[in-house]
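# An overview of the molecular structure
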Amino acid sequence: MEVLFINTNTRVDFVEITPLLNRIIGEKEWSDGLMTVFVPHTTAGITINENADPSVVSDMEKMLSEIVPVHHGFTHLEGNSDAHIKTSMLGTSEQLILENGEIQLGTWQGVFLADFDGPRRRKVWVKFIPAEGPR
Amino acid sequence: MEVLFINTNTRVDFVEITPLLNRIIGEKEWSDGLMTVFVPHTTAGITINENADPSVVSDMEKMLSEIVPVHHGFTHLEGNSDAHIKTSMLGTSEQLILENGEIQLGTWQGVFLADFDGPRRRKVWVKFIPAEGPR
Amino acid sequence: MEVLFINTNTRVDFVEITPLLNRIIGEKEWSDGLMTVFVPHTTAGITINENADPSVVSDMEKMLSEIVPVHHGFTHLEGNSDAHIKTSMLGTSEQLILENGEIQLGTWQGVFLADFDGPRRRKVWVKFIPAEGPR
């Protein structure tokens, strides 16, 4: 698998990684298959949503922080239970379809690392499964 | 990949697509592997849940609309931030196991397109990765 | 595909299944590819989160039960609509990267069956898609 490194800048920070994924595909010459994008952290997840208007992502960051407040009588002593919970709500991986060496995404879709306990240097793992042999 | 078109009828509308997926599998003669079902939209997601009693899905539609209200001081000018957020909460794709040409689902499970900003004509993309060669 | 059986002990119960997944990989001698872990139920989901401090999972169980209360004017007569909704929020499957016969997980990550309507005997299905031929 390939490894990406992403620096986040605030506690809650959604960073688009679509261009980094495209660069890997070009370098590895992956063409047709399924690409799994997996976040090996427990306080950062991944999601696909609109990348045209940044207010979509900022509205999401704020709404999720209202649904799961930072302080809520949690028992986990690190004080970041909210980040763990939001990570499970968005999920730890996305599966992307590749055809002709291109990620198949809708017009408005981008892939975002969603950090809920930044700022940190985060990792993203990328694995490709080809659709056709011989391999 | 294959493309499905689904018409939704109300702003929030969960439409079961399991029969359409089964039809594709039959036509393409897919047998054993993994099927990725991906929604190329940012205000509609996908989920797997009970398809026997329609009140399950209607309870879910209502509860999600309480958790993420339509009007909540959002800044995104299109007025559909709630739909974007609910899409990320349910997710953009599902992965289904195929064996002997059949989707492996539990007794009560169905696959639903979850439109949060309808009514619209929506697309669903379907990609098959076989489990065994030669391919 | 392979089948796991997991007994849950309370209505809401997150049970770590990482060791059971590792045992299957060893038995089947799977090495390099993608492993889909799918829950064939509609009131139990699956999630990846911290397995070091059990308070993370217990904080999550409690928070989700506040976001989606058991009693909330639901119409589904079985009285477990909250469990269906939480299942869709966490999701029905996880995709895991396998390399050198090992699940690739972050330092703090474990895979949990998340039962929201236990105690029950639950099933988990596991399917492996190899990354390279010949197959």
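Above this text you will find the structure in question.
Computed from a predicted model, the values in this text were never measured in an experiment.

This brings us to the sheet that holds strand 4 (residues 44-50) of chain A. All names here are of chain A. As summarised here, the arrangement of the three strands in space is 2-7-4, forming an open sheet in which the pairing is antiparallel. Strands at the two margins of the open sheet, each flanked by one partner only, are strand 2 (13-16) and strand 4. Strand-to-strand twist in this sheet, taken as the mean axis angle between neighbours without regard to direction, amounts to 35°. Across the sheet, helix 2 (residues 54-67) lies against strand 2, strand 4 and strand 7 (109-115), angled at about 150° from strand 2, the strand it touches most. Packing of helix 3 (residues 81-90) onto the sheet brings it into contact with strand 2, strand 4 and strand 7, and relative to strand 4 it is tilted by some 50°.

Note on the copies: chain A fits chain C at an RMSD of 0.0 Å, the axial shift is 0.0 Å, and the rotation between them is 120°. Those values place the two copies in the arrangement expected of a three-fold rotation axis. Of every C-alpha in chain A, the one belonging to A:Met89 sits nearest the axis of rotation, 3.4 Å from it.

Listed per partner, the contact involves 32 residues of chain A and 35 residues of chain C. Overall, the association of chain A and chain C removes approximately 2,700 Å² of surface from exposure, summing both partners, and the carbon and sulfur fraction of that is 57%. On inspection of chain A and its partner chain C, the count reaches two salt bridges. We note a salt bridge from C:Glu99 to A:Lys127, for which the minimum N-O separation is 2.9 Å. Across the contact surface, chain A and chain C share 15 residue pairs in polar contact (both at pLDDT 80 or more). At the level of elements, strand 3 (33-38), helix 3, strand 5 (93-99) and strand 8 (121-130) of chain A are the ones that each hand at least two residues to the side of chain A that touches chain C.

Cut-offs and rules
- Residues numbered from 1 in each chain as written.
- Chains lettered and ligands numbered in written order.
- Predicted model: local features only at pLDDT ≥ 70, side-chain atom pairs only at ≥ 80, totals over all residues.
- Heavy atoms only, no water.
- Pairing = 2+ DSSP bridges.
- Helix = DSSP H or I, 4+ residues; strand = E, 2+ residues; numbered from the N terminus.
- Axes fitted to C-alpha atoms, helices over the stretch in contact; angles between N-to-C directions.
- Contact = heavy atoms within 4.5 Å.
- Least-squares fit on C-alpha atoms with pLDDT ≥ 70 in both.
- Buried area = accessible area lost by both parts, 1.4 Å probe.
- Salt bridge = Lys/Arg side-chain N within 4 Å of Asp/Glu carboxyl O.
- Polar contact = N/O pair within 3.5 Å; in protein donor to acceptor, adjacent residues only side chain to side chain.

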